[in-house]
Amino acid sequence: MRITTRIQLMFMMFLMFSTWGAWYGQMGKYLFTALHANGDQIGSAYATFSIASIFAPFFVGLIADRYFSAQKVMGVLNLLGAVILYFLIQTKDPDTFFWYILAYTLTFAPNLALSSSIAMNQMKDPGTEFPPIRVLGTVAWIVVTNIIGAYGFGDKVTIFQIAMFTSIAWGIYAFTLPNTPPKATGTASVSQILGTDSFVLFKDRSFSIFFVSSVLVCIPLAFYYAHANLSLTESHMTNVENKMSLGQVSEVLFMLLIPFALQKFGIKKMLIVGLVAWIIRFVCFGYGDGISSEWMLYLAIVLHGVCYDFFFVTGQIYTDNKAGEKIKNSAQGLITLATYGIGMGIGSILSGKVLSNYTNGEVHDWTSVWMVPAGIAAVVLVLFVIFFHDKKQTN
């Protein structure tokens, strides 16, 4: 890959995660503080991303795989997203907010698959070349959350204003990315039009188990994104956004280790380590306190690198290796459906109901809240250890 292409792809990741990081981790606190939303309303707001992610694979399979270049689709989606954010910023009602954030996430979610396809279509060896490029997305998340933390924007509408401006920049920039034309040719069947041609991957037993495990582990992941910021704030931790960015610092380190870990340990052992890390971090969130045991909260934060990288980035590479040339875009959309769609959708709704159940007035029982995702992660760990066997992976 040419160095200029590498830099282009890195900046694409930087803009995408600057836009996402500006609002995603802070939205729950913003809704609770500024719009006075309850647990169910917060969970529903996060579920919009999952709803959008369920539709994204079909949209990508129809548009990017067959008719238009992926980078042009990305550009149009983000300019449209910026317009929607402009109207979202004006609303003060949590129920109205739900419809605006749903409309916005419908424009954002396809970018997760599109960015992977644009990047990996320029690579000969995605397992080695993709992580150093993807890591710029994590750097962007660190930068934007630290800016938000430093200026105290975490519970203010400013988080969406930042996202609006970066979305405009990203949308314009997308048109300059390397051309990624549609690869599928010939007469389109109904399954191809809907993007379901990638369902052929389920004939592979190991991929099917991986898909189901990804769905299940994203249920507890949704708890983290929806409630971690508010939980840490109420646990007497100060400068929460800045300290939470340590999770992305660890993400950078573990992302750079992925090529070596894949070669040495294989997919199964990496995912097992990730699951154990999930359990530990939720226990730490539940029992840590910013006054007497802040170290537990720090541990929970820095474990994010293991938890995220060993499931999402590794999963993208694993899926790319399993897919054929003609269905790479649809296959990336499929794993997006499994994780951000089905799994986090269930998790977002469940996290809202759990928070409401363990709320008395405006006081939250965070220990009880965090034990729910810890228990789910433990069940997934047992099931994965028993049923996942991929002979093609290094043991």
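What counts and how
Residues numbered from 1 in each chain as written. Predicted model: local features only at pLDDT ≥ 70, side-chain atom pairs only at ≥ 80, totals over all residues. Heavy atoms only, no water. Helix = DSSP H or I, 4+ residues; strand = E, 2+ residues; numbered from the N terminus. Rg over C-alpha atoms; globule rule 2.2 N^0.38 Å. Buried < 20%, exposed > 50% of the residue type's maximum accessible area, 1.4 Å probe, protein only. Arc of directions from axis to C-beta. Contact = heavy atoms within 4.5 Å. Expected span 1.5 Å × (residues − 1). Bend = angle between axes of the 7 residues up to and from the residue.

Side note on the overall build of the protein
So, step 1. Looking only at helices and strands, the protein has 15 helices and two strands in total.
So, step 2. The C-alpha radius of gyration computed for the protein amounts to 20 Å, which stays within 12% of the reference 21 Å derived for 395 residues, consistent with globular compactness.
So, step 3. Principal-axis analysis of the C-alpha atoms gives the protein an extent of 60 × 50 × 40 Å.
So, step 4. Expressed as a percentage of its 395 residues, the buried residues of the protein come to 60%.

Considerations on helix 12 (residues 294-302)
So, step 1. For helix 12, every residue scored as buried is listed here: Met 296, Leu 297, Ala 300 and Ile 301. Down the axis of helix 12, the buried side of the element spans an arc of 140 degrees, and every buried residue falls inside it.
So, step 2. Elements that come into contact with the buried residues of helix 12 comprise helix 10 (205-234), helix 11 (240-287) and helix 13 (304-322).

Quick notes on helix 7 (residues 126-150)
So, step 1. For helix 7, built from 25 residues, the straight-helix expectation of 36 Å at 1.5 Å per residue is met to within 8% by its first-to-last C-alpha distance of 36 Å.
So, step 2. In helix 7, a bend of some 25 degrees at Pro 132 exceeds every other bend along the element.
So, step 3. Gly 152 occupies a position one or two residues after helix 7 and carries a positive phi of about 70 degrees.

Comments concerning unusual backbone geometry
So, step 1. One non-glycine residue, His 36, lies in the positive phi region at around 60 degrees.
So, step 2. Tracing the sequence through the fold places His 36 in the loop between helix 2 (27-33) and helix 3 (39-63).
So, step 3. At Asn 239, a position not held by glycine, the phi torsion is positive, near 50 degrees.
So, step 4. Along the chain, Asn 239 falls in the loop between helix 10 and helix 11.

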